[in-house]
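# What the coordinates show
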Amino acid sequence: MLAMADAEVHSGSKNAHTESEQQVREDLAAAYRLMAHFGMDDSIYTHISARVPGRNDQFLINPFGTLFKDITASSLVKIDAEGRIVEDTPYQVNPAGFVIHSAVHAARHDAACVVHSHTEAGVAVSSLQCGLQPSNQWALQFYNRVAYHTFEGIALDLHERERLVADLGSSAKAMVLRNHGLLTLGSSVAEAFILMLNLDRACRVQLAIQSSGQAINPVPPEVCELTARQYESGDTDVMPGQPKRADPHEREWQGLLGFLQPPGRSHYRD
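So, here is what we can say about the structure in this document. The shown structure was predicted, so the numbers you read here are calculated from the model rather than taken from an experiment.

What follows deals with the environment of Asp270. Relative to the helices and strands, Asp270 is located in the segment after α8 (250-257). As for Asp270 and Ile71, which are separated by 199 residues in sequence, their C-alpha atoms are 9.1 Å apart.

Bringing α8 into the picture now. Every α-helix winds through 3.6 residues per turn, so residues three or four apart in the chain are directed the same way. Of the residues making up α8, those classed as buried are Trp253, Leu256 and Leu257. Buried residues along α8 cover an arc of 100° about the axis, so they all sit on one side. Tucked into the core, α8 has its buried residues touching α1 (19-37) and α6 (189-212).

This part is about unusual backbone geometry. Positive phi values are uncommon outside glycine, yet Ser43 reaches one of about 55°. Tracing the backbone shows Ser43 in the loop between α1 and β3 (47-51). Judged by its relative accessible area of 42%, Ser43 falls in the partly exposed class. Positive phi, normally seen in glycine, also occurs at Asn144, with a value near 55°. Mapped onto the elements, Asn144 comes out in the loop between α4 (137-140) and β7 (146-149).

Time to look at the pairing of β7. Sheet faces and side chains relate simply in a regular strand, where the side chains alternate between the two faces. Judged from the four bridges that link them, β7 and strand β8 (residues 174-177) form a sheet pairing that is parallel. Paired with Val146 across the strands is Ala174, a residue of β8. In the classification by handedness, the crossover that spans β7, the intervening helix α5 (residues 160-168) and the parallel β8 is right-handed.

Turning to the pattern of salt bridges, a few remarks are in order. Considering all chains together, one arrives at 15 salt bridges under this definition. Glu152 is paired through a salt bridge with Arg163; the nearest N and O atoms lie 2.8 Å apart. Here Glu152 is found in the loop between β7 and α5, whereas its partner Arg163 is found in helix α5, with 11 residues between them in sequence. Here Arg229 and Glu225 are joined by a salt bridge, their closest N and O atoms 2.8 Å apart. Taken together, the residues span about one helical turn, with Arg229 and Glu225 both in helix α7 (residues 221-233) at a distance of four residues. By relative accessible area, Arg229 is classed as exposed at 53%. Each of Glu21, Arg25, Lys78 and Glu87 takes part in salt bridges that share partners, so that together they form one network.

The rules behind these values
- Residues numbered from 1 in each chain as written.
- Predicted model: local features only at pLDDT ≥ 70, side-chain atom pairs only at ≥ 80, totals over all residues.
- Heavy atoms only, no water.
- Helix = DSSP H or I, 4+ residues; strand = E, 2+ residues; numbered from the N terminus.
- Buried < 20%, exposed > 50% of the residue type's maximum accessible area, 1.4 Å probe, protein only.
- Arc of directions from axis to C-beta.
- Contact = heavy atoms within 4.5 Å.
- Pairing = 2+ DSSP bridges.
- Right-handed = clockwise from strand over helix to strand, strands pointing away.
- Salt bridge = Lys/Arg side-chain N within 4 Å of Asp/Glu carboxyl O.

The values are spatial; any link to function lies outside them.
Rendered as structure tokens:
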């Protein structure tokens, strides 16, 4: 049963949306614009998707052909698990985006949001045989927690979905798509985006270290595991003795949204 707030609909576009869907739309549009702000977009390519609240068979994704900096809540496209557009829109979706995101949403119901990127650092590390190394604090967030998927060409083959989700497994929230890019997922748009931001930072630092030609200072495995658990527990967000926040990503997410208020731009909430 929908909550009372969900009984109301948002009428900012010709399609009516529940309040919970409208919030997801606004968060997703903000994530797209933040990807552009941090230089993590790739022209009109790559994609972020978010599950429609209360549905396991529908998700929202970017209108193919729109730059990330221009995406708004109302321009997002709603599609089902078969790739059918289920709401009036003048837009289409990226076929590769459907293949990747439909696979993850179908297999991982904990994936409220899925982020896929082609950043230069992410593609570079994905192309290294060694993959992501535990060489810096950002990387330690993903220690023994990042999956790998072998490159099979541009993701247009529906049969690749079963291999991708098999490689992702049931618990990983980060994946390196070999020779391709990065993927993260989260229980909220905020979590999935912040994971991607940190994963890309980890890749950039690794490349900077490797380009120096100097030996990497090793971190003991037990400290690597401790650091990963600290990230997972949310302990990095509170002072000792204070209660943990319900969403450890919310404080940073609200801070990041402050980047999206430049004058003369359409608003992501539109």
